[in-house]
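Coordinate inspection notes
Residue strings, one per chain:
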Amino acid sequence: MPQPNGISAKPDGSETAISQPQIETSNGHDPGIGPRQNLADLFAPFERLANWLLPYALEQQDGAHDDSHLVRVFNNAMRIHAQEGGDGEILAAAVLLHDCVHVEKNAPHRAQASRLAADKASRLLNEAHWPDIRIEAVAHAIVSHSFSANQPPQSLEAKILQDADRLDALGFIGLARTFAIAGRLGGQLYDHLDPCAERRPLDDRRYALDHFATKLFKLADGFQTATGKAMARQRHERLQLFHAMFLEETTGAKPESNFYLSF
Ligand SMILES: [Fe+2]
Ligand SMILES: [Fe+2]
């Protein structure tokens, strides 16, 4: 079905770009330059909820966690929700607040980040007199979205949020975020003496490319919903393609002869 971001989901969950409607302008020029769209409008049909919660959604913005991350996770969540069901408003609130407390990736209390975010979300929703049962549903989804919390998602909304957030760690957007984080934390692109860590332990704090083996290549196996799994499979293949091409460009290593057949 058509999605707000101009991507359609095929029944197998894979993505196909769909053509955007042509907008006529009086001078015949591209209408791209105009008033910026309001951020909250991108969370339709939950614009009012977004308008209220967005000011609390991120304590700081960087290349991996910014407004655009929230919009992408929301679009992923709505695509999965359209196929799998669940409560859209609980899901939208959980998406908007899932990263509302910032704890740096290498900070000692990193594992508590999603618990702190859930507590902050509960306080906010409580002030707006949301029913306790709905607040608990949002809080559970937020706590369990994170790997580090080690709390498996129980509800459908929690499963969808976890899948929607993890999809943003895969594919071309996932690798862009990986290198953005590595750069911000002072890491290098890769170890040019041993790019695949054949003679050293993997070290993704130091080398961004190592993050593919320590985390990114494992992600696609842990998805919760059938729709999320299908979307993850395609983005996983994009990561494999990038990884192989990166090694070819940097070391001259040729992928196996049948490598391209899977793309
Ligand atoms: Fe998160
Ligand atoms: Fe996130």
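Check the entry above for the structure.
As a starting point, this report considers the structure included with it. Just so it is clear, the structure is predicted and the values come from calculations on it, not from any experiment.

Some words on the overall build of the chain
Scanning the chain from terminus to terminus reveals 9 helices and 2 strands. For the chain, the proportion of its 263 residues judged to be buried stands at 34%.

Regarding the nonpolar core
Core analysis: the largest hydrophobic core is formed by 54 residues, its most contacted members being Ala77, Ala94, Val95, Leu97, Val138 and Ile142. Two domains each provide a minimum of three residues to this core, namely domain 1 (1-11 + 38-157) and domain 2 (169-263). Apart from the residues lying within four places of it in its own chain, the contact partners of valine 138 are Ile90, Ala93, Ala94, Ala121 and Leu125.

Thoughts on helix α4 (residues 113-127)
Counted at 1.5 Å a residue, the expected span for α4 with its 15 residues is 21 Å, and the 22 Å between its end C-alpha atoms agrees. Within α4, burial applies to Ala113, Ser114, Ala117, Ala118, Ala121 and Leu125. Projected down its long axis, α4 carries its buried residues within an arc of 130°, all on one side. In α4, the exposed positions that point more than 90 degrees away from the buried face belong to Arg123, Asn126 and Glu127. Along its buried surface, α4 packs onto α3 (88-97) and α5 (132-144).

Some details on the packing of α3 against helix α6 (residues 156-167)
Working note: a packed helix pair is described by the angle between its axes plus the distance between those axes. Two numbers describe how α3 lies on α6: the axes approach to 10 Å, and their chain directions differ by 40°. Classed by the angle they form, the pair α3 and α6 counts as oblique. Here α3 and α6 pass one another in a crossing that is right-handed. Taken together, the residues of α6 that come into contact with α3 (itself represented by Ile90, Leu91, Ala94 and Val95) are Glu157, Ile160, Leu161 and Ala164.

Criteria and cut-off values
- Residues numbered from 1 in each chain as written.
- Chains lettered and ligands numbered in written order.
- Predicted model: local features only at pLDDT ≥ 70, side-chain atom pairs only at ≥ 80, totals over all residues.
- Helix = DSSP H or I, 4+ residues; strand = E, 2+ residues; numbered from the N terminus.
- Buried ≥ 20, exposed ≤ 12 C-beta atoms within 10 Å, placed from the backbone.
- Core = buried A, V, L, I, M, F, W, Y, C linked by C-beta atoms within 7 Å.
- Domains from an automatic or database assignment.
- Contact = placed C-beta atoms within 7 Å.
- Expected span 1.5 Å × (residues − 1).
- Arc of directions from axis to C-beta.
- Axes fitted to C-alpha atoms, helices over the stretch in contact; angles between N-to-C directions.
- Parallel < 35°, antiparallel > 145°, perpendicular 65-115°, else oblique.
- Left-handed = near helix turned anticlockwise from the far one by under 90°.

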